[in-house]
Amino acid sequence: MDLVPALEEPLKKALGPATAKVMAEHLGLHTVGDLLHHYPRRYAERGELTRLADLPLDEHVTVVAQVATARVLKFNGGSGQRLEVTITDGSGQLQLVFFGRGIHKPHKDLLPGTRAMFAGKVGVFNRKMQLAHPAYQLLQADSSQEAAEAVGSWAGALLPIYPATAKLESWKIAKAVDLVLPSAQEALDPLPESLREGRGLVPLTEALLKIHRPHTKADIADARARLKWDEAFVLQVALARRRFADTQLSAVARVPKPDGLLTAFDAKLPFTLTEGQQKVSREIFDDLATEHPMHRLLQGEVGSGKTMVALRAMLAVVDAGGQAAMLAPTEVLAQQHHRSVTEMMGELAEGGMLGGVEHSTKVVLLTGSMGAAARRKALLDLTTGEAGIVIGTHALIEDKVQFHDLGLVVVDEQHRFGVEQRDALRSKGKQPPHLLVMTATPIPRTVAMTVFGDLETSVLDQLPAGRSPIASHVVPAADKPHFLTRAWERVREEVGNGHQAYVVCPRIGDDEDEKPKKGKAAKKSPEDEAEKRPPLAVLEVAEQLARGPLQGLTVEVLHGRMQPDDKDAVMRRFAAGETDVLVATTVIEVGVNVPNATAMVIMDADRFGVSQLHQLRGRVGRGSAAGLCLLVTEMPEASPARARLGAVAATLDGFELSRIDLEQRREGDVLGQAQSGVRSSLRMLAVIEDEEIIAEAREEATKVVTADPDLDHLPGLRTALDALLDEEREQYLDKG
């Protein structure tokens, strides 16, 4: 079915080519429907003024304020003139400045006492905040035709302030919305009527009118409640349809034989599994025993033993006559997994070899940089079924790779694999294999429901016995340089006690490093003093440490641009205890397991995200000795970056940190505008605050899809799905 013509109409036709071009290029709006869903960011009341005291530097803002003073000043010996206008709102003042010939109209319009809306980019001049040549719109009638029109178009008591750009001020967007608002009457309602009435939600047409032109605050609340439901529900329907489609696929049930490989493996474990590991394993084994492909997300705290759970699932599948493949995002990680799996399995991983025991299989590694002979051998073992388990990188997905009978795919670190890759590996099975996705970044429940909504979720939140606590501290290098000196002394002490340490830097530091991004230097906020210099680099820091505070210790480097064999050799030496200090980039972020490493110093810690810091920290405290993590920063104490580091130092709970991370990143765009390049559908919904709506919407969506999988009886919902989830976005959702 086609989309509603009125909402599908190109803005070019509705508003003219010039305005439409700016809206498309700067706001990503192309149709009448897009513009109707470009909601006001906030509302200014007629009598109320925006808080000038809270203006952000370097951002394009719209403010409502009153002119306090206006004066013309001469410069360049009288040949140039500028108009300086001070506006006020009771909380603070802001200076406006107009130059040259551009001063005549504002000089006439902006008399003391005049109220207006002003839009421009906040800059600093002579240590004062200012707007240079702002656009403005008067808000009280005087003789001018334009001002009278302005008041006419803002008949409501509340002025909508739209997300705007330098090329298009908020009030121009408002005028454009006025032109297309009548089309809102033709919007098809995506919510089933029974659901809408049962929850007391206003119809969509009413919500669109109230969000753009509210008369009261209650109007805004009604509209928001309704539009949030739309976003949550349409998204959950998309995910529910994908879950439903998956249940229609058939898979081979994989039930482990009673006294096989899994039993032999469990018998030789030197420890007992945690309750959590046992519970999650049962969930996975139940899924594997059905004739529909399992789609499960296994998320857990750093170090909660996810690899052990995944390995037991792989062994169960091998027992049942199938093969299992584990897909890792990097070669370092694939090698690390291969090493730890073969170590855990011992002689059980020596199938077909001398010394292999009765219930054994072969575990092969497959990466892009392997030599031709080793690669040929690995491929042959997969085709014949000799290898029950294969661990590898994207190399597993290539056409040449053929499996004897692929039964289970384990994907490590979901966010690094796209749906295309997942599907390519799936297609290697005679029937779709079961899928287990592991993520080491704890995800709040509602985000999991939103981003990974097509997967059932298992959570490991218990740490295995023997894991040690990790003490974390912020080291303010700029305020207290002696703290940094002490940090290096602590590293020496750990090494002196027979342990090892990591030092993590944001950059590699050779000539191929990215140049600093343009535009950074123009900022003048206090944090920028620390941000101006390029981030600290592995190669430079390693050299300085070896010559200075860590002289006499063996210091090695590890980064992503090294040859795979070199990386592996460095990791082996570190794991064997031959290296005291490893200076690395975030290549060590996931999966690296060296129980003897007890200390980590993260340089320029403010340049990493909260979840990333938590991941990195999880590399220490993996043995019986306590861990220590030092977060080094030059950011001033009052900065948001310092607050973020303080939060990481204060808790080891990854789920709590992931909430903080989202709140700080304004997760209205949790589906990841930055990574996807696709504008997120979440404009109203806040994934953390609106937890209840998301959970309820998921339930309702499942009911609707179970009753009517093709949505034949809900044309409005199908339309909304088409508009919201074009192919690109649908795939992006899959990628998580």
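Given the structure is predicted, the values throughout are model-derived calculations rather than measurements. (Residues numbered from 1 in each chain as written. Predicted model: local features only at pLDDT ≥ 70, side-chain atom pairs only at ≥ 80, totals over all residues. Heavy atoms only, no water.)

### Quick look at the overall build of the protein
When its secondary structure is counted, the protein shows 28 helices and 21 strands. Counting all 736 residues of the protein, 53% fall into the buried class. In the protein, of all internal contacts separated by at least 6 residues, the share reaching a separation of at least 24 is 74%. Roughly 32,500 Å² of accessible area belongs to the protein as shown, and the carbon and sulfur atoms make up 52% of that amount. (Helix = DSSP H or I, 4+ residues; strand = E, 2+ residues; numbered from the N terminus. Buried < 20%, exposed > 50% of the residue type's maximum accessible area, 1.4 Å probe, protein only. Contact = heavy atoms within 4.5 Å. Areas by Shrake-Rupley, 256 points an atom, 1.4 Å probe, with all protein chains shown as cover.)

### Let's talk about the sheet that holds strand E11 (residues 362-366)
Taken together, the seven strands give an open sheet; going across it, the order is E11-E12-E10-E13-E14-E9-E15, and neighbouring strands pair in parallel fashion. Either end of the sheet is taken by a strand with one partner, and the two such strands are E11 and strand E15 (456-460). Across the sheet, the mean angle from the axis of one strand to that of its neighbour is 20°, orientation sign disregarded. (Pairing = 2+ DSSP bridges. Axes fitted to C-alpha atoms, helices over the stretch in contact; angles between N-to-C directions.)

### A closer look at the sheet that holds strand E18 (residues 555-558)
Strand order in the open sheet formed by six strands is E16-E21-E20-E17-E19-E18, with parallel pairing between adjacent strands. Across the chains shown, the open sheet's two edge strands, defined by having one partner strand only, are strand E16 (470-476) and E18. Neighbour-to-neighbour, the strand axes of this sheet turn through a mean angle of 20°, independent of strand direction. Seen against the sheet, helix H22 (residues 610-617) touches E16, strand E17 (500-504), strand E20 (597-602) and strand E21 (627-633) and runs at an angle of roughly 150° to E20. Running at roughly 160° to E16, helix H23 (residues 640-650) makes contact with E16 and E21 of the sheet.

### Quick word on helix H9 (residues 204-212)
Of all nine residues in H9, seven are buried; the element is thus mostly enclosed. Taken as a whole, H9 has its buried residues at Leu204, Thr205, Ala207, Leu208, Lys210, Ile211 and His212. Elements in contact with the buried residues of H9: helix H4 (32-36), strand E1 (42-45), strand E8 (158-161), helix H7 (170-180) and helix H10 (217-248).

### Digging into the packing of aromatic side chains
How two aromatic rings sit relative to each other is given by the distance of their centres and the angle of their planes. One pass over the structure, following the stated rule, counts five aromatic pairs. Considering the side-chain rings of phenylalanine 75 and phenylalanine 99, the 6.4 Å spacing of their centres and the 90° angle between planes classify their relative orientation as edge-to-face. Taken together, the residues phenylalanine 75 in strand E2 (residues 60-75) and phenylalanine 99 in strand E4 (residues 93-99) connect sequence positions 24 residues apart. Note on phenylalanine 75: relative accessible area 29%, which makes it partly exposed. Exposure remark for phenylalanine 99: the relative accessible area of 38% places this residue in the partly exposed category. Ring geometry for tyrosine 502 against phenylalanine 574: centres 5.0 Å apart, planes inclined by 55°, an arrangement best described as tilted. Taken together, the residues span a long stretch of sequence, with tyrosine 502 in strand E17 and phenylalanine 574 in helix H21 (residues 564-575) at a distance of 72 residues. Owing to a relative accessible area of 0%, phenylalanine 574 belongs among the buried residues under this scheme. (Phe/Tyr/Trp six-rings, centres within 6.5 Å; stacked < 30°, edge-to-face > 60°.)

### Notes on the nonpolar core
Membership of the largest hydrophobic core comes to 34 residues, with the highest contact counts inside it found for Met345, Ile389 and Leu408. No other element matches helix H13 (residues 306-319), which puts ten residues into this core. Residues in contact with methionine 345, not counting those within four places in the same chain, are Phe265, Lys268, Leu311, Leu315, Thr361, Val363 and Ile389. Within the second largest apolar cluster, 33 residues are counted, among which are Val22, Leu36, Leu181 and Ala223. (Core = buried A, V, L, I, M, F, W, Y, C linked by side-chain atoms within 4.5 Å.)

### Some points on unusual backbone geometry
In this structure, aspartate 604 is a non-glycine residue whose phi angle is positive, near 50°. Secondary-structure assignment places aspartate 604 in the loop between E20 and H22. Look at leucine 711: it is not a glycine, yet its phi comes out positive at around 55°. Inspection of the secondary structure puts leucine 711 in the loop between helix H26 (691-707) and helix H27 (715-724). Leucine 711 gets classed as buried once you look at its relative accessible area, which sits at 0%.

### Quick notes on the confidence of the model for the protein
Looking at the protein, pLDDT values average 82 and 85% of them are 70 or higher. Across residues 513-530 the pLDDT falls below 50, and counting only partners more than four positions away or on other chains, this stretch makes 18 contacts in the model. (pLDDT = per-residue confidence, 0-100.)

### Thoughts on the side chain of threonine 114
Of note, threonine 114 is situated in the loop between helix H5 (104-109) and strand E5 (115-125). Within the structure, the side chain of threonine 114 is placed 2.6 Å from the backbone oxygen of leucine 111, a separation counted as a polar contact. (Polar contact = N/O pair within 3.5 Å; in protein donor to acceptor, adjacent residues only side chain to side chain.)

### Some thoughts on the packing of helix H14 (residues 331-345) against H21
Where H14 meets H21, the axes come as close as 10 Å, and the angle between the chain directions of the two elements is 50°. Judged by the inter-axis angle, H14 sits oblique to H21. Note on packing geometry: the crossing formed by H14 with H21 is right-handed. For the pair H14 and H21, the contacting residues are Glu331, Val332, Gln335, Gln336 and Arg339 in the first and Pro564, Lys567, Asp568, Met571 and Arg572 in the second. (Parallel < 35°, antiparallel > 145°, perpendicular 65-115°, else oblique. Left-handed = near helix turned anticlockwise from the far one by under 90°.)

### Notes on the pattern of salt bridges
Counted by the stated rule, this structure contains 33 salt bridges. Salt-bridge contacts for lysine 210 lead to aspartate 219; the nearest nitrogen and oxygen are separated by 3.8 Å. Across this residue pair, the class does not change: lysine 210 and aspartate 219 are buried. Salt bridges here are not isolated pairs; linked through shared partners, they connect Arg486, Glu489, Arg490, Glu493 and Glu494. (Salt bridge = Lys/Arg side-chain N within 4 Å of Asp/Glu carboxyl O.)

### Describing helix H15 (residues 372-384)
With 13 residues, H15 should reach 18 Å at 1.5 Å per residue; the first-to-last C-alpha distance of 18 Å fits that figure. Where H15 ends, the next residue or the one after it, glycine 385, has phi of about 90°, a positive value. (Expected span 1.5 Å × (residues − 1).)

### Some details on the pairing of strand E6 (residues 128-132)
For E4 and E6, the ladder comprises three bridges, and the chain directions are parallel. Opposite leucine 96, over in E6, you have leucine 131 as the bridge partner. Two strands pair when backbone bridges link them, and E5 and E6 are joined in this way by four bridges, in the antiparallel orientation. Each residue of the ladder has a partner; that of glycine 123, found in E6, is glutamine 130. Remark: two residues form the turn of the hairpin made by E5 and E6, two consecutive strands paired antiparallel; asparagine 126 in that turn has positive phi of roughly 50°.

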